[in-house]
Amino acid sequence: MVDSLISISLEKLKTVLQDEVVLLVGVTNEIKKLSSTFTLLQAVLKDAETRRLKDEAVKKWLENLKDVAYDVDDILDEWTTDALRRQAPGEGDGSCYSFLVTCYLSCVTFFNHVMLCHKIGSRIKEVRGRLDDIEKEKIQFNFITRGVDSEVREGEIGDRETSSLPDPFIVGREDVKQNVIDLLLGGSSREVNEVPFVISIVGMGGLGKTTLAQLIYNDENVEKHFDMRLWVCVSEDFDVKRITKLIIESADESSCEDLSLALLQSRLSQKLQAKRFLLVLDDVWRHDSEKWDKLIRPFQAGAPGSRIIVTTRLEDVASRMGSTDHMQKLGVLSHDDCWLVFSCKALEHRSAEERLDLEEIGRQIVNRCGGVPLAAKTIGSAMCSRKTRRQWELVLESEIWNSGDILGGILPALLLSYHDLPPAMKQCFAYCSIFPKDWEIERDRIVKLWVAQGFIYSKGSQDMEEIGGLYFDDLLRRSLLQDAKLDHDGNIRRCKMHDLVHDLAQSVAGSECSVVEMRKQSSLNLNNLRHLFLFDSDDTGDRDDEVDSDDAGDRDWATLYKAQKLRTLLRYSRISGVPNNLFHHFRHLRALDLSLTSIQILPRTLGKLKHLRYLDLSETEIEELPEEVSNCRTLQTLKLNYCDRLRKLPRGMGKMIGLRHVELEGINELKYLPQGIGKLSSLRTLTKFIVGGDDEGCKWGELKHLNHLQGSLQIICWENVRSRDEAKEAELNKKQYLRTLTFKYNTTDDEALGDDEQKRTEEVLEILQPHTNLKELGIWSYGDSKLPKWTEDPFFSNLVNVTLRECNKCKQLPGLGKLPSLKYLDIERMVEVRKVGGEFSGDDKNDGSGGGVVSFPKLESLSFNRMTNWEEWELRGRDDGEVMPSVLELQIESCQKLKALPSNLPPLLQKLTLFASDVGMSSGVPLPVLPNLNHLAILNCQELTSFPCGWLGQLKALQALEIGWCPELTSLPEELQHLTMLQKLNIWECPVLEERCREGGEDRYKIAHIPNITLGRR
């Protein structure tokens, strides 16, 4: 970690030396001497880091060196802040007076810079004296001096083939896996009826309990057997309310509001009612019989055959939870199994000759892993970058293998994997210990925090965030992070850290990082604390009382005031405010997260945090940011997502030229952005851009120079653009890194545009054509009758997702069938559209010329919603070619006037949802032939009384049928009993039909062959 701090400081010192004023005030020699001493010390750090395990004096020496490195970083950061302040654009109206004022301010700024350089020189001289003392002390330790190891090149990533995801296999546990599955699917008649029925997987840390439980949970037979599967990570805090809430969220796959325990358990009981469920309680550390009895009350509502799997390190916990007879104990792996785990990581992509050469040494390394799969996996991941036999021998000969008795339970293999990290990644890894165990670490968040702390230094054109992303992925590849969760595009969103790896991160971070309960701060060592995660305890299961910032809250904050070196403060607790003097005490703060609190007003002293890089106020109750925040010139990340009351941003925001990310998702009360946003040329993220809305608001031209924008951008148009030239200033076609773009217009259904205004609106959107790298496009509330021609331009070959919503004046759909890569299409509330025909595919006339051009060649999902005047759908392609050959899912919602579905619907269609859309069922219109349809949902068809003859009978591949909110439907057709593939039938809010389908009902024989039938609930 010290190595990384020094490396970054050396780079910053080089930059400072290029400042002419530094040369002017004569501190060049001091800076050069400081750099030279740092370089000498850097040569012994590798040996010192290894010896710190056994030698307290070396450990103390490293701590002193680290303190000096941090102080140098603070000094250089002040220089960086001043440099940004001098770069900030001035304000003026072009008048003579304004020019004179600007000249005066420039002189003052220059004078202040000279004074600062003098001050920095004095402080560097003082720090250099301390560093010289440390350099002299190193002589007594006789460190081995090492340059850059020519054989083991630490720090290089991306020079080998890697996988972003951990290996999905597990070895040596096949018998245990099958035993558990047998217990889940079978058991004696008494056990089958026992609710709940608890099975435990027990073993020490690192043996793969969670991985085994995941494989069982996702087993195909297990999936089919249970109506509902739920997964909750319990960890050390066995809090009934928290666990109950997590179970509900697992069932709903969404967040759950903070209700009382009684209401939560009532809701859970309803969800489990008569359902055969599987619940995994992962990583249980503590057990209290009273709490356990309280937790399992709702489980009694489940159907016979329901199961609970508990993973724990402690047999006592498993026994007390009632699984004594069904306890599966994991032991260490055999040598051969452990070798298989190791070799799959270490020998991947190597030739047979290399494998043979390295196997003997590799097996000796595996012997040192003690049969623990986590140790074998992590050290194996580290070995894959070591190319030669000698490099492998150096690992085998490491003294760390013999340090097990002083590592405090940390596996030597894990520590070796840590030492294999490049210096910058060591800091990034240790910083992860700021989060509690089992915390889901969001990739985007942690990378921005790393950048804010200065752990990532970019020398070339590569963005710091991109480098940080590579670090994150490499930690995952090395198995120091695990349990990756992906977004819908397959990108990694978040990961976890194994408990034993978290112990390692805490160990190397030492007293720098701490996770602590708000009320237990007195136990903290505040002198060296630099990174703090604060949370509120919920031992009673009751979080209804917020912390009052005027009394108890102030006392809690006051305890922290001694943490003068604090660089990170993440507050995960309920507070309604912060003391006005808070930021006087935390002058070195780089990252501040007060999200999810009830804060309404921020102290103006926030603007004095000249080192602040990261500020997260998401989901707070603030109404405006103080103007003083614009003084935070070094701020890189500003997160204000879902601040429902936010109305105003600082007018001087254009001076915050360090800003790289401004997140404004879910903010509806903010009516304008302050002018000057266009000066923030370093912006990579701007999730919302508001055009107009106020005299002080932004114009289109503010977007002109923001060509580094990435990710998503929503443009809200509060006023119409006056001319094509004004729109052209936005230069959206140069925003090559944008992936998602949404236009949202401030128009209403009854707003009538004149002919000239309508023409101008059409021309403007035509001018606002984005770059062809765009992947997702949305157009909302567009007020013209025609959408721009570029929406159907085949040159948009990367466009995969299009949403058209509330374009109420448009009378026909654009030719989106020409888009070669379009996969997802959502069309909603285009109320003027009455017919969809060949124009939708990109050809409004069928001239019979042939050619077989495929329309919508890659479309997989198509949705029409609330097309209230839509009557006719003709599925016609270009030049009589195929249409939508790849469509798998079709949803039609609230399209009451649509008379029928096209007879030539794509044969590959697998899922069809009809919501409040009769499509001719009531009048007997037949369903198109759909040989591959396996899921059909008929919902909210209020006038449907019966299915037309043959409508369901031809769906031979149907596996799931849902019927809901169809109160007039009174019977099912006879043909249903011939659908032998049908596995699930769910009927709700159809009172007559439900009664006929119950046991003994008139229609029961038609569905008796279906294994899973649910009546009366969704």
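Computed from a prediction, not measured in an experiment: that's the story for all the values here.

Scoring rules and cut-offs
Residues numbered from 1 in each chain as written. Predicted model: local features only at pLDDT ≥ 70, side-chain atom pairs only at ≥ 80, totals over all residues. Heavy atoms only, no water. Helix = DSSP H or I, 4+ residues; strand = E, 2+ residues; numbered from the N terminus. Buried < 20%, exposed > 50% of the residue type's maximum accessible area, 1.4 Å probe, protein only. Contact = heavy atoms within 4.5 Å. Areas by Shrake-Rupley, 256 points an atom, 1.4 Å probe, with all protein chains shown as cover. Phe/Tyr/Trp six-rings, centres within 6.5 Å; stacked < 30°, edge-to-face > 60°. Lys NZ or Arg CZ within 6 Å of the ring centre and 35° of its normal. Pairing = 2+ DSSP bridges. Axes fitted to C-alpha atoms, helices over the stretch in contact; angles between N-to-C directions. Parallel < 35°, antiparallel > 145°, perpendicular 65-115°, else oblique. Left-handed = near helix turned anticlockwise from the far one by under 90°. Nonpolar A, V, L, I, M, F, W, Y, C, P; charged D, E, K, R; others polar. Disulfide = S-S within 2.5 Å. Patch = residues over 30% accessible without salt bridge, like charges linked within 9 Å, V, L, I, M, F, W, Y side chains within 5 Å. Salt bridge = Lys/Arg side-chain N within 4 Å of Asp/Glu carboxyl O. Lys, Arg positive; Asp, Glu negative; His and termini not counted. Charge placed at Lys NZ, Arg CZ, Asp CG, Glu CD. pLDDT = per-residue confidence, 0-100. Core = buried A, V, L, I, M, F, W, Y, C linked by side-chain atoms within 4.5 Å. Expected span 1.5 Å × (residues − 1). Arc of directions from axis to C-beta.

A.B. asks: Help me understand the overall build of the protein chain, please; the structure alone is not making it clear to me.
C.D. replies: When helices and strands are counted, the protein chain shows 30 helices and 31 strands. By the burial criterion, 53% of the 1018 residues in the protein chain qualify as buried. Partitioning the contacts of the protein chain with sequence separation of at least 6, the portion at a separation of at least 24 is 67%. By element, 46% of the accessible surface of the protein chain is carried by carbon and sulfur atoms, the whole surface being about 44000 Å².

A.B. asks: How do you make sense of the packing of aromatic side chains when you look at a structure like this?
C.D. replies: Each aromatic ring pair is summarised here by two numbers: the centre-to-centre distance and the angle between the ring planes. Under the defined criterion, the tally for this structure stands at 25 aromatic pairs. Taken together, a centroid distance of 5.8 Å and an interplanar angle of 50° make the contact between phenylalanine 277 and phenylalanine 299 tilted. Taken as a pair, phenylalanine 277 in strand β3 (residues 277-284) and phenylalanine 299 in the loop between α13 (289-295) and β4 (307-312) lie far apart in primary sequence, 22 residues in all. For the ring pair tryptophan 965 and tryptophan 988, a centre distance of 5.5 Å and an interplane angle of 85° mean the geometry is edge-to-face. Separated by 23 residues along the polypeptide, tryptophan 965 in the loop between β29 (960-964) and β30 (984-988) and tryptophan 988 in strand β30 bring together distant segments of the chain. The exposure class of tryptophan 965 is partly exposed, given its relative accessible area of 28%. One aromatic cluster is present, formed by Phe840, Phe856, Phe864, Trp870 and Trp873 through successive ring pairs. Note that arginine 307 overlies the ring of phenylalanine 197, its terminal NZ or CZ placed 4.0 Å from the centroid.

A.B. asks: Is there a simple way to think about the pairing of strand β27 (residues 911-915) in this case?
C.D. replies: In regular strands, side chains alternate between the two faces of the sheet. Relative to β27, strand β26 (residues 889-893) is paired through five bridges, and the arrangement is parallel. When the bridges of β27 are listed, glutamate 893 appears paired with phenylalanine 915.

A.B. asks: Whenever I open this one, the packing of helix α15 (residues 335-346) against helix α17 (residues 373-383) confuses me. Can you help?
C.D. replies: A pair of packed helices can be characterised by two numbers: the angle between their axes and the separation between those axes. Close contact between α15 and α17 brings their axes to 7 Å; oriented N to C, the two are set at 25°. Considering the angle they form, α15 stands roughly parallel to α17. Between α15 and α17 lies a crossing of right-handed hand. In contact with Cys338, Val341, Phe342, Lys345 and Ala346 of α15, α17 contributes Pro373, Ala376, Lys377, Ile379, Gly380, Ser381 and Met383. Split by residue class, the contact of α15 with α17 holds eight nonpolar, two polar and two charged.

A.B. asks: Sorry if this is basic, but what is going on with the environment of aspartate 793 here?
C.D. replies: Of note, aspartate 793 is situated in the loop between β20 (776-780) and β21 (801-805). Using a relative accessible area of 22% as the deciding quantity, one classes aspartate 793 as partly exposed. Taking the C-alpha atoms as reference points, aspartate 793 and proline 820, separated by 27 residues in sequence, lie 9.4 Å from one another.

A.B. asks: I would appreciate a short explanation of the pairing of strand β10 (residues 531-535) in the present structure.
C.D. replies: A large share of β10 lies buried, amounting to four of its five residues. In this sheet, β10 lies alongside strand β9 (residues 513-517) in parallel orientation, the contact comprising five bridges. The residue bridging cysteine 513 from the neighbouring strand is histidine 531, located in β10. Sheet analysis places β10 next to strand β11 (residues 568-572), joined by five bridges and oriented parallel. Residue pairing across strands places phenylalanine 535 opposite tyrosine 572, the latter belonging to β11.

A.B. asks: I tried to follow the environment of leucine 825 on my own but got confused; where do I start?
C.D. replies: The topology assignment puts leucine 825 in strand β22 (residues 824-828). Here the alpha-carbon distance between leucine 825 and leucine 859, two residues 34 residues apart in the chain, equals 7.6 Å. Sequence-distant contacts of leucine 825, defined by excluding residues within four places in its chain, comprise Val802, Leu816, Phe840, Phe856, Leu859, Ser861, Leu862 and Ser863.

A.B. asks: Before we go on, may I ask you to explain the state of the cysteines in this structure?
C.D. replies: Should the sulfur atoms of two cysteines be covalently bonded, the bond is a disulfide. Within this structure, the stated rule accounts for zero disulfides. Cysteine 432 takes part in no disulfide bond, and the closest cysteine sulfur to it belongs to cysteine 428, at a distance of 7.6 Å.

A.B. asks: Explain a positive patch on the surface to me, please; I cannot follow it from the model alone.
C.D. replies: On the surface, Arg739, Lys775, Lys823 and Lys858 cluster together into a patch of positive charge. Along the polypeptide, arginine 739 turns up in strand β19 (residues 738-745). Assessed through its relative accessible area of 32%, arginine 739 is described here as partly exposed.

A.B. asks: What should I look at first to understand the confidence of the model for the protein chain in this one?
C.D. replies: The predicted structure's coordinates, where accompanied by low pLDDT, should not be read in detail. Confidence along the protein chain averages 84 in pLDDT terms, with 86% of residues attaining 70 or more. Here residues 148-156 is modelled with pLDDT under 50, and outside its nearest four sequence neighbours on either side it reaches 15 contacts, counting other chains as well. For the stretch residues 846-850, pLDDT sits under 50, and the model shows six contacts to residues farther than four places along the chain or on other chains.

A.B. asks: How should I be thinking about the nonpolar core in this particular structure?
C.D. replies: The tendency in soluble globular proteins is for nonpolar side chains to be buried side by side. Residues Leu640, Ile715, Phe743 and Trp873 are the most contacted members of the largest nonpolar core, which totals 142 residues. In this structure, isoleucine 715 is in contact with Phe689, Val691, Trp700, Leu703, Leu732, Leu741, Thr742, Phe743 and Lys744, ignoring residues within four places of it in sequence.

A.B. asks: Could you clarify how one ought to interpret the sheet that holds strand β12 (residues 591-593) in this entry?
C.D. replies: In a beta sheet, neighbouring strands pair by backbone hydrogen bonds and run either parallel or antiparallel. Spatially, eight strands are ordered β9-β10-β11-β12-β13-β14-β15-β16 in an open sheet, and the strand pairing comes out parallel. Edge positions in the sheet fall to β9 and β16 (685-686), since each has one partner strand and no second.

A.B. asks: Explain the pattern of salt bridges here, please?
C.D. replies: Working definition: two side chains of opposite charge can pair if their charged atoms are close together. Summed over the entire model, instances satisfying the criterion amount to 59 salt bridges. We note a salt bridge from arginine 390 to glutamate 393, for which the minimum N-O separation is 3.3 Å. With arginine 390 and glutamate 393 both in helix α18 (residues 389-396), this residue pair falls three residues apart, about one helical turn. For arginine 645, the salt bridge goes to glutamate 621, with nearest N and O atoms at 3.6 Å. Taken together, the positions of arginine 645 in the loop between β14 (637-639) and β15 (661-663) and glutamate 621 in the loop between β13 (614-616) and β14 put the pair 24 residues apart, joining distant regions of the chain. With relative accessibility at 39%, the residue arginine 645 sits in the partly exposed group. Members of the salt-bridge network, linked through shared partners, are Asp73, Asp74, Asp77, Arg567, Arg590 and Arg613.

A.B. asks: Please explain helix α1 (residues 2-17) as it appears in this structure.
C.D. replies: Because an α-helix completes one turn every 3.6 residues, residues spaced three or four positions apart along the sequence face the same direction. With 16 residues, α1 extends 23 Å from end C-alpha to end C-alpha; this agrees with the ideal 22 Å at 1.5 Å per step. Val2, Ser4, Leu5, Ile6, Ile8, Ser9, Leu10, Glu11, Lys12, Leu13 and Val16 are the residues of α1 that are buried.

A.B. asks: Whenever I open this one, the environment of glutamine 769 confuses me. Can you help?
C.D. replies: Structurally, glutamine 769 is set in the loop between α27 (755-767) and β20. Given the relative accessible area of 28%, glutamine 769 is considered partly exposed. Along the chain, glutamine 769 and alanine 730 lie 39 residues apart, while their C-alpha atoms are 9.9 Å from each other. Apart from the residues lying within four places of it in its own chain, the contact partners of glutamine 769 are Leu732, Asn733, Trp790 and Phe796.

A.B. asks: Sorry, what's going on with the sheet that holds strand β5 (residues 327-329) here?
C.D. replies: Here we have five strands laid out as an open sheet, ordered β2-β3-β4-β1-β5, and parallel in their pairing. In this open sheet, the two strands that pair with only one neighbour each are β2 (228-235) and β5. Within this sheet the neighbouring strands show an average axis-to-axis angle of 15°, counted without direction. The sheet contact formed by β2 and β3 spans seven bridges and is parallel.

A.B. asks: Is there a simple way to explain the side chain of arginine 52 in this structure?
C.D. replies: When you line up the elements, arginine 52 lands in the loop between α4 (45-51) and α5 (56-87). With near-sequence residues (within four places) excluded, arginine 52 lies in contact with Val58, Lys59, Leu62 and Ser507.

A.B. asks: How do you make sense of helix α12 (residues 261-272) when you look at a structure like this?
C.D. replies: Here α12 contains 12 residues, and its C-alpha end-to-end distance of 16 Å stays within 8% of the 16 Å for a straight helix at 1.5 Å per residue. For α12, the complete set of buried residues consists of Leu264, Gln265, Leu268 and Leu272. Projected onto a plane normal to the axis of α12, the buried residues spread over an arc of 95° and lie on a single side. For α12, the exposed residues set more than 90 degrees away from the buried face come down to Ala262, Leu263 and Gln270.

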